[in-house]
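The primary structure of each chain is shown beneath.
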Amino acid sequence: MLKTEDLKAEIRRMCEEKDAIILAHYYTIGDIQDIADFVGDSLALARKAAETDAKIMVMCGVHFMAETCKLLSPDKMVLCPDLEAGCSLADSCKAEDLKKFKDEHPGYQVISYVNTTAAVKALTDVVVTSGNAKKVVDQLPKDAKLIFGPDYNLGSYINEVTGRDMLLWNGGCHVHERFSVEKIIELKKQYPDAVVMAHLECKAPVLAAAEVKGSTATMLNYAQQSDKKQFIVATEAGILHEMQRTCPDKEFIPVPPEISESGLECSCNECQYMKMNTLEKVYNCLKNENPQIEIDPEIAKEAVKPIERMLELS
């Protein structure tokens, strides 16, 4: 296999040759972020997918993100470096289970977090991200009966800041569920002047301990604009690459998980699905134009509607 720098050069050469762009989420490894045409959070990636003129998109993230690209650009080729790169949050809400829940609650509108499959989006009235959920919910009628899923922590936070009483699906992200207030307190003792930042998928006690709460983009923007020099960050550790790249004079301290998946102490909290994206897989999928994302036309027809509504409302 080619060396890292040669792989990067070959990937960029093939992008030029094939009229392809690489989209990468902030949680992917640094080497992939470095070669991407665009790096962002879920909302930014969705917008880019809707706007691009490129013939091919390589979505370096997780499977639902590649599906979102395909829904917004059905005539383009969407490649996913590893089809097994799933999402624990998306897995916590199956389409058949949501349909049953909807049937049990007639008259309710469904708000689905973007971290869901196309089949779940097809049962949804509007999609949201952590970055725009409050804005979207605020625009819905005050008397609307709402179901929010699958992230319970995000839904609970939105209920709190909007005064709503949405029915919440009991799902969660395995990465953000592992953060604890105790770890943040320990780090705050070591770095008393550091600003604590937490993603909205974290549990309520963790959010209560944070001075900055929001999406990955919200935290990144805050760090870039703040005159503070140290930040304690409670989200997937991949975001630190972009934070450090754009703020080289600042220090970013990742909050470790309370208990890692191996049961051992580790210094950061990572999503193993995001880390399934490698330079070798990006190279191979571009070279072979495979694996491609395909979505059942009937599901796609319904699933794109709540995404388009999200983009209109946000």
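What you see is a predicted model; the values in this text were computed from it and never measured.

**Q** Tell me about the overall build of the protein chain, and please be specific about residues and values.
**A** In terms of helices and strands, the protein chain carries 15 helices and 12 strands. Its C-alpha atoms give the protein chain a radius of gyration of 19 Å, within 12% of the compact-globule value 20 Å for 314 residues. Overall size of the protein chain, expressed as C-alpha extent along the three principal axes, is 55 × 55 × 35 Å. When each of the 314 residues of the protein chain is scored for burial, the buried share is 56%. The long-range share in the protein chain, meaning contacts at least 24 apart out of those at least 6 apart in sequence, stands at 64%. As presented, the protein chain carries roughly 13,700 Å² of accessible surface, and 48% of it is formed by carbon and sulfur atoms. Across the protein chain, the 36 positively charged side chains and the 50 negatively charged ones have centroids separated by 3 Å.

**Q** Outline the packing of aromatic side chains, listing residues and values.
**A** Evaluated as defined, the whole model comprises 3 aromatic pairs. Seen from their ring centres, Phe101 and Trp169 are 5.5 Å apart, and the 85° between their planes marks the pair as edge-to-face. One end of the pair, Phe101, is in helix H6 (residues 95-104); the other, Trp169, is in the loop between strand E8 (167-168) and helix H10 (181-190), with 68 residues separating them in the sequence. A relative accessible area of 13% places Trp169 in the buried class. Relative to Phe252, the ring of Phe231 lies with its centre 5.3 Å away and its plane at 15°, an arrangement referred to as stacked. With a gap of 21 residues between them, Phe231 in strand E11 (residues 230-234) and Phe252 in strand E12 (residues 251-254) connect regions that are remote in the sequence. Site record: aromatic cluster; members linked through ring pairs are Tyr222, Phe231 and Phe252.

**Q** Residue-level account of the pattern of salt bridges, with values.
**A** Under the criterion given, the structure shown has 15 salt bridges. Residues Glu211 and Lys188 are paired through a salt bridge, measuring 3.7 Å at the closest nitrogen-oxygen approach. With Glu211 in the loop between helix H11 (204-208) and strand E10 (212-214) and Lys188 in helix H10, this residue pair connects regions lying 23 residues apart in the sequence. Within this structure, Glu5, Lys8, Asp31 and Asp34 form a network of salt bridges that share partners.

**Q** Report on the sheet that holds strand E2 (residues 38-40), specifying residues and quantitative values.
**A** The parallel open sheet is built from 4 strands, whose spatial order is E2-E1-E3-E4. The strands lining the two open edges of the sheet, one partner per strand, are E2 and strand E4 (77-79). Strand after strand, the sheet turns through a mean of 20° between neighbouring axes, direction not considered. Sheet topology note: the strand E1 (residues 20-25)/E2 ladder contains 3 bridges and is parallel. Residue pairing across strands places His25 opposite Gly40, the latter belonging to E2. Each of E1 and strand E3 (56-60) touches helix H1 (residues 4-18); the most contacted strand, E1, lies at about 130° to it. Of the strands in this sheet, E1, E3 and E4 are in contact with helix H14 (residues 279-288), which crosses E3 at around 160°.

**Q** Explain unusual backbone geometry residue by residue, including any values.
**A** Most of the time, phi is negative for any residue but glycine, and the peptide bond is trans. Backbone torsion omega between Gly149 and Pro150 reads -5°, so that peptide bond is classified as cis. Within the element layout of this structure, Pro150 appears in the loop between strand E7 (146-149) and helix H9 (152-162). Residue Pro291 is bonded to the preceding Asn290 through a cis peptide linkage, with omega at 5°. Looking at the secondary structure, you find Pro291 in the loop between H14 and helix H15 (297-313). Of note, the phi angle at Asp19 is positive, near 55°, even though the residue is not glycine. Its identity is not glycine, yet Glu289 carries a phi of approximately 50°, on the positive side. Structurally, the position occupied by Glu289 is in the loop between H14 and H15.

**Q** Lay out the pairing of strand E5 (residues 109-113) in plain terms, naming residues and giving numbers.
**A** Judged by how many residues are buried, E5 sits mostly within the fold: 4 of 5 residues are covered. Note: E5 against E7, 4 bridges, orientation parallel. When the bridges of E7 are listed, Gln109 appears paired with Leu146. With 3 bridges joining them, E5 and strand E6 (residues 126-128) adopt parallel strand pairing. In the sheet register, Ile111 faces E6, and the bridge partner there is Val126.

**Q** Go over the packing of helix H4 (residues 63-72) against H15, please, and point to the residues and values.
**A** Viewed as axis vectors pointing N to C, H4 and H15 meet at an angle of 90°, and their least axial separation amounts to 9 Å. Comparing their axes, H15 and H4 come out roughly perpendicular. Where H4 approaches H15, its residues Thr68, Leu71 and Leu72 are matched on the opposing element by Ala300, Ala303, Val304, Ile307, Glu308 and Leu311. A class-by-class count of the residues in the contact of H4 with H15 yields 7 nonpolar, 1 polar and 1 charged.

**Q** Can you explain H9? Please cite residues and give values.
**A** Those residues of H9 that sit buried are Asn153, Leu154, Gly155, Tyr157, Ile158, Asn159 and Thr162. Where H9 is buried, its residues meet E5, helix H8 (133-138), E7, E8, H11 and E10. Taking the backbone nitrogen of Asn153 as reference, a side-chain oxygen 3.1 Å away marks Asp151 as the first, capping residue of H9. Immediately downstream of H9, the backbone of Gly163 shows phi near 75°, a positive value.

Definitions and cut-offs
- Residues numbered from 1 in each chain as written.
- Predicted model: local features only at pLDDT ≥ 70, side-chain atom pairs only at ≥ 80, totals over all residues.
- Heavy atoms only, no water.
- Helix = DSSP H or I, 4+ residues; strand = E, 2+ residues; numbered from the N terminus.
- Rg over C-alpha atoms; globule rule 2.2 N^0.38 Å.
- Buried < 20%, exposed > 50% of the residue type's maximum accessible area, 1.4 Å probe, protein only.
- Contact = heavy atoms within 4.5 Å.
- Areas by Shrake-Rupley, 256 points an atom, 1.4 Å probe, with all protein chains shown as cover.
- Lys, Arg positive; Asp, Glu negative; His and termini not counted.
- Charge placed at Lys NZ, Arg CZ, Asp CG, Glu CD.
- Phe/Tyr/Trp six-rings, centres within 6.5 Å; stacked < 30°, edge-to-face > 60°.
- Salt bridge = Lys/Arg side-chain N within 4 Å of Asp/Glu carboxyl O.
- Pairing = 2+ DSSP bridges.
- Axes fitted to C-alpha atoms, helices over the stretch in contact; angles between N-to-C directions.
- Parallel < 35°, antiparallel > 145°, perpendicular 65-115°, else oblique.
- Nonpolar A, V, L, I, M, F, W, Y, C, P; charged D, E, K, R; others polar.
- Polar contact = N/O pair within 3.5 Å; in protein donor to acceptor, adjacent residues only side chain to side chain.

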